[in-house]
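Descriptive analysis of the structure
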Amino acid sequence: VAHDEVVRVVLVQQGVWEMPTESMPLAVGYLKAAVQADERLRWRTDVRIANYRGGVGLGHITDDLFRHGVPDVLAFSVLGWNYRTFGAVAETFKQLNPRGWVVFGGTHAAHQGERTFRMFPEVDVVVDGEGERVFTQLLHAHIDGADPRELVGIAGITYRTAAGERRTNPGDPPLRDLSLLPSPILTGAIGLERRDGSFPYDVALMETNRGCPYKCAFCYWGGATGQKVRAFPRERLRAELEEFGRRQVHTVVLCDANFGMLPADEQFVEDLLSIRGTYGYPRALETSWAKNKSETFYRIVREMKRSGLRSSFTLALQTLNESALERMHRRNMKLNDWEDLATWLAAEGLECYAELIWGAPGDTPEAFLEGYDRLAQTVSRVAVYPLLLLPNTDYHDKREDFGFVTVRGDHDDFQYVLAHDTMTAQDNQQMLRFIFWARALAENLVFRHLWVPLRVLGGVAQSQAIRSFADWVEASDAPAAVPLRAAVARFNVDPDALADVLVRVFGDPSTTALVRVWWDDALRPRLPPGAVPALDEVLRYDLLTLPVYRAPSAAGPEAEPLPVVEAHGDRWYVREDVGLTHDVPALVQALRRGEPMPSHPRPITRTLYYRLGFDDFARSTNHEEIAHYMGVTEQELDAAAARAAATPSPEAAAALARTSSC
Ligand code: SF4
């Protein structure tokens, strides 16, 4: 490179979901900020971020990247869902610029040089750990005219020599002082506004720390970012929050492993609340809460509750099976402790859900379903994910010890587990079908009020109802069941399968009608006759309060015309004067609290409100988002606003109104 030439660098990132808005490109933002903070690189490089939504294809990406000139360095933040796409982009890039450098980094590529070079010979360098320091060194080497096959002096990379041999330079320990990393938010490395001045991303992403002290066998976090937890300075985090507050960003999502574990986390929430007091934003904080809850956690939650700051709380238990826990090197909270915690959160009026992984070595279908039903008794939602074998995890590195059999995705590079030494392929197939319907019906809230009355009044456990639906769909000859079966069949390797079914349930009346037929055919006959009228009405209420979905692509006939009103700072579709034979919301509340509640008819009339805007989220399979669009009664809406009005920020009314009653 001539001494006055500018090196053109493009940093590429792509989100997983096909969403209308982009995800904030935080990972490559850190790289860009680090490059711009380097005196020499600032003048000698021209760095651009190319950020793509999930679902954007290779044609668009290559056109966008190369139409206005071909860069000198193309660096990718690689994850399982974009590994193949980025490998294909690298192939095109090398045809256009054979002397250009291709750099792969991120958890799916790090320490995977052997496979990456085999699959994508166009890749020159794989970054094996934290990228900021390594990437700036790579650019210095590029400016100095280095050959990418002779990168002897750069720690933390894998590359190939001119003779084609793979070389790994051991990495430095993870950076201890994170204040040395410039903020991508405060330096302007990441664009924070569109032309019209609005915030361009679905949510704001932040890191308050890096690292995880645990080493669960299915997770790369401790390995990828280091087991020692290192925190960013408070003042810097406050300044980042202030930037989001000024820009009226609704939701901040933390990319932390264990929020609520460090005393600094309490200060972070304090700062967030004071900024919200000034600007009215941010209004919600989402994060992965620490799996073992400390006093700090309880204090944070109380403060968030007091001030009406929205969040959802996950009991990330993964499995309740002791043998599986042992093999994954994980210790959960004791059963009584998490039940107490869930009860405490419920008493505080806060939503809490649990997370399980099916398919861990040592688990069995019976033990898993028993754990699922136990959790379902305590929390309102149980999210279940099938086990993936991720690079840089203990399961991955010792796969022979566990006897894993896997298949890669059709479109992604994840390894989906088919069988292992304690799980047959047949057990797995059956459980995947269960998981599909558990995610659709329960986690994604097709049924919300139904589960507790079904268990208490009907004697049917949640897993039994879900399996009943799965079996019935499998055997049904109704035309509306055909696409559902097809989606189940490809669920194992296609994350979009679930979204395909959800848009049908939300937007296609023939699918909703199918649910009623299942109820009449398969479930109703199992119920005690005295409980049937009440349970019939709870089912009807759940279907009535599904979000209003108005996407042009929604299947089914013309949408029902509904008036739109303004209430509590938001816009709502309204269904007026809905008659119910039973007071379903009151019945469900009473049963959840374990209070006696007569299940005989008690007719009421309610007006139902549905937040506008669900069309953008119908395919999200994100129950936290879906929950905000469920129908609520006028009373629930007013109660949420009244609770918020008692808090210091008047803006919180709208935020609290987002919490649904489910
Ligand atoms: S699952 Fe959570 S606690 Fe376990 S290693 Fe990963 S981030 Fe850490």
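It should be emphasised that the depicted structure is a prediction, and the values quoted were computed from it without experimental measurement.

Looking only at helices and strands, one finds 26 helices and 22 strands in the chain. Expected size for 662 residues packed as a compact globule is a radius of gyration near 26 Å; at 26 Å, the chain falls within 12% of this value. Counting all 662 residues of the chain, 58% fall into the buried class. In the chain, of all internal contacts separated by at least 6 residues, the share reaching a separation of at least 24 is 72%. Entry remark: accessible area of the chain is about 27,200 Å², with carbon and sulfur atoms responsible for 50%. Distance between charge centroids for the chain: 1 Å, based on 71 positive and 89 negative side chains.

Attention now moves to the pairing of strand β15 (residues 381-386). Sheet topology note: the strand β14 (residues 352-358)/β15 ladder contains six bridges and is parallel. Across the sheet, the residue bridging to A354 is V382, located in β15. For the handedness criterion, the β-α-β arrangement of β14, helix α13 (residues 365-378) and β15 is classed as right-handed.

Together, E576, D577, E634 and D638 line one region of the surface with negative charge. Among the secondary structure elements, those contributing two or more residues to the negative patch are β20 (570-580) and α25 (634-645). Along the polypeptide, E576 turns up in strand β20.

This part covers the site of the ligand. As a matter of local geometry, the ligand sits amid C212, Y214, C216, F218, C219, W221, A257, K291 and R330. Of the residues that constitute the shell around the ligand, the class distribution is seven nonpolar, no polar and two charged.

The next thing to look at is the environment of H411. You can see H411 is positioned in the loop between β17 (405-408) and β18 (415-419). Considered as a pair, H411 and F506 are 95 residues apart in the sequence and their alpha carbons are 26 Å apart. Not counting the four nearest positions on each side in its chain, H411 is found in contact with W81 and R84.

Before going further, it helps to spend a moment on the pattern of salt bridges. For the structure on display, the rule yields 39 salt bridges. Across the salt bridge formed by D421 and R327, the nearest N and O atoms sit 3.3 Å from each other. Within this pair, whereas D421 is found in the loop between β18 and α16 (425-443), its partner R327 is found in helix α11 (residues 322-327), the two being separated by 94 residues in sequence. In this structure R327 comes out as partly exposed when scored by relative accessible area, which is 25%. Among the salt bridges present, the one from R433 reaches E474, with a minimum N-O distance of 3.8 Å. Taken as a pair, R433 in helix α16 and E474 in helix α18 (residues 462-475) lie far apart in primary sequence, 41 residues in all. The class for E474 is partly exposed, based on a relative accessible area of 40%. Within this structure, E130, E132, E207, R210 and R230 form a network of salt bridges that share partners.

The next subject is the nonpolar core. Nonpolar side chains in soluble globular proteins generally cluster together in the buried interior. Grouped together as the largest cluster of nonpolar side chains are 173 residues, with contacts concentrated most on F135, L138 and W437. Per element, the largest residue contribution to this core is 10 residues, and it comes from α16. Not counting chain neighbours up to four residues away, the residues in contact with L138 comprise W101, V103, V125, V127, L151, I154 and I157. Ranked by size, the runner-up nonpolar core spans 24 residues in total, among them F104, F117, F120 and V126.

For the rest of this paragraph, the subject is the sheet that holds strand β4 (residues 101-105). Spatial ordering of the open sheet is given by β2-β1-β3-β4-β5-β6-β7, a layout of seven strands whose pairing is mixed. Among the strands making up the open sheet, the edge pair consists of β2 (45-52) and β7 (166-169). Pairs of neighbouring strands in the sheet enclose a mean axial angle of 20 degrees, with direction left out of account. Inspection of the sheet shows strand β1 (residues 7-14) paired to strand β3 (residues 73-77) by four bridges, in the parallel sense. Bridge pairing links V10 to L74 in β3. The sheet contacts of helix α1 (residues 26-36) involve β1, β2 and β3, and relative to β1 the element is tilted by about 160 degrees.

On to the side chain of Q13, then. In this fold, Q13 is placed in strand β1. Exposure remark for Q13: the relative accessible area of 15% places this residue in the buried category. Ignoring any residue separated from it by four or fewer positions in sequence, one finds Q13 in contact with M24, P25, L26, A27, V28, A50, N51, Y52, S77 and F86.

Looking now at the packing of aromatic side chains. Throughout the structure, instances matching the rule amount to 33 aromatic pairs. With centroids separated by 5.4 Å and ring planes inclined at 85 degrees, the aromatic side chains of F199 and Y201 adopt a geometry described as edge-to-face. Ring centres of F436 and F491 lie 5.1 Å apart, and the angle between their planes is 80 degrees; this geometry places the pair in the edge-to-face category. With F436 in helix α16 and F491 in the loop between α19 (481-490) and α20 (496-507), the pair connects residues that are 55 residues apart, well separated along the chain. This pair shows no difference in class: F436 is buried, exactly as F491 is. Grouping aromatic residues by their ring pairs yields a cluster made of F436, W437, F447, W451, F469, F491, W518 and W519. Directly above the ring of F117 sits R160, whose terminal nitrogen or CZ lies 4.4 Å from the centroid.

A separate point is the sheet that holds β14. Through backbone hydrogen bonds, the strands of a sheet pair up, either in parallel or in antiparallel fashion. If you trace the three strands from one edge of the open sheet to the other, you get β13-β14-β15, paired in parallel fashion. A strand with exactly one partner marks an edge of an open sheet, and here the two such strands are β13 (313-318) and β15. Each strand axis lies, on average, 25 degrees off the axis of its neighbour in the sheet, ignoring direction.

Let us now look at unusual backbone geometry. A cis amide bond, omega -10 degrees, links Y281 with the succeeding residue P282. Counting through the fold element by element, P282 comes out in the loop between α9 (263-279) and β12 (284-286). One non-glycine residue with positive phi stands out, namely Q248, at about 55 degrees. With respect to the secondary-structure elements, Q248 resides in the loop between α8 (234-246) and β11 (251-254). Phi at Q318 takes a positive value of approximately 70 degrees, unusual for a residue other than glycine. On the secondary structure map, Q318 appears in strand β13. On the accessibility criterion, Q318 (5% relative accessible area) is buried.

This part takes up α1. Buried residues dominate α1, accounting for nine of its 11 residues. When α1 is considered as a whole, its buried residues turn out to be L26, V28, G29, Y30, L31, K32, A33, A34 and V35.

Conventions used here
Residues numbered from 1 in each chain as written. Predicted model: local features only at pLDDT ≥ 70, side-chain atom pairs only at ≥ 80, totals over all residues. Heavy atoms only, no water. Helix = DSSP H or I, 4+ residues; strand = E, 2+ residues; numbered from the N terminus. Rg over C-alpha atoms; globule rule 2.2 N^0.38 Å. Buried < 20%, exposed > 50% of the residue type's maximum accessible area, 1.4 Å probe, protein only. Contact = heavy atoms within 4.5 Å. Areas by Shrake-Rupley, 256 points an atom, 1.4 Å probe, with all protein chains shown as cover. Lys, Arg positive; Asp, Glu negative; His and termini not counted. Charge placed at Lys NZ, Arg CZ, Asp CG, Glu CD. Pairing = 2+ DSSP bridges. Right-handed = clockwise from strand over helix to strand, strands pointing away. Patch = residues over 30% accessible without salt bridge, like charges linked within 9 Å, V, L, I, M, F, W, Y side chains within 5 Å. Salt bridge = Lys/Arg side-chain N within 4 Å of Asp/Glu carboxyl O. Near = heavy atom within 4 Å. Nonpolar A, V, L, I, M, F, W, Y, C, P; charged D, E, K, R; others polar. Core = buried A, V, L, I, M, F, W, Y, C linked by side-chain atoms within 4.5 Å. Axes fitted to C-alpha atoms, helices over the stretch in contact; angles between N-to-C directions. Phe/Tyr/Trp six-rings, centres within 6.5 Å; stacked < 30°, edge-to-face > 60°. Lys NZ or Arg CZ within 6 Å of the ring centre and 35° of its normal.

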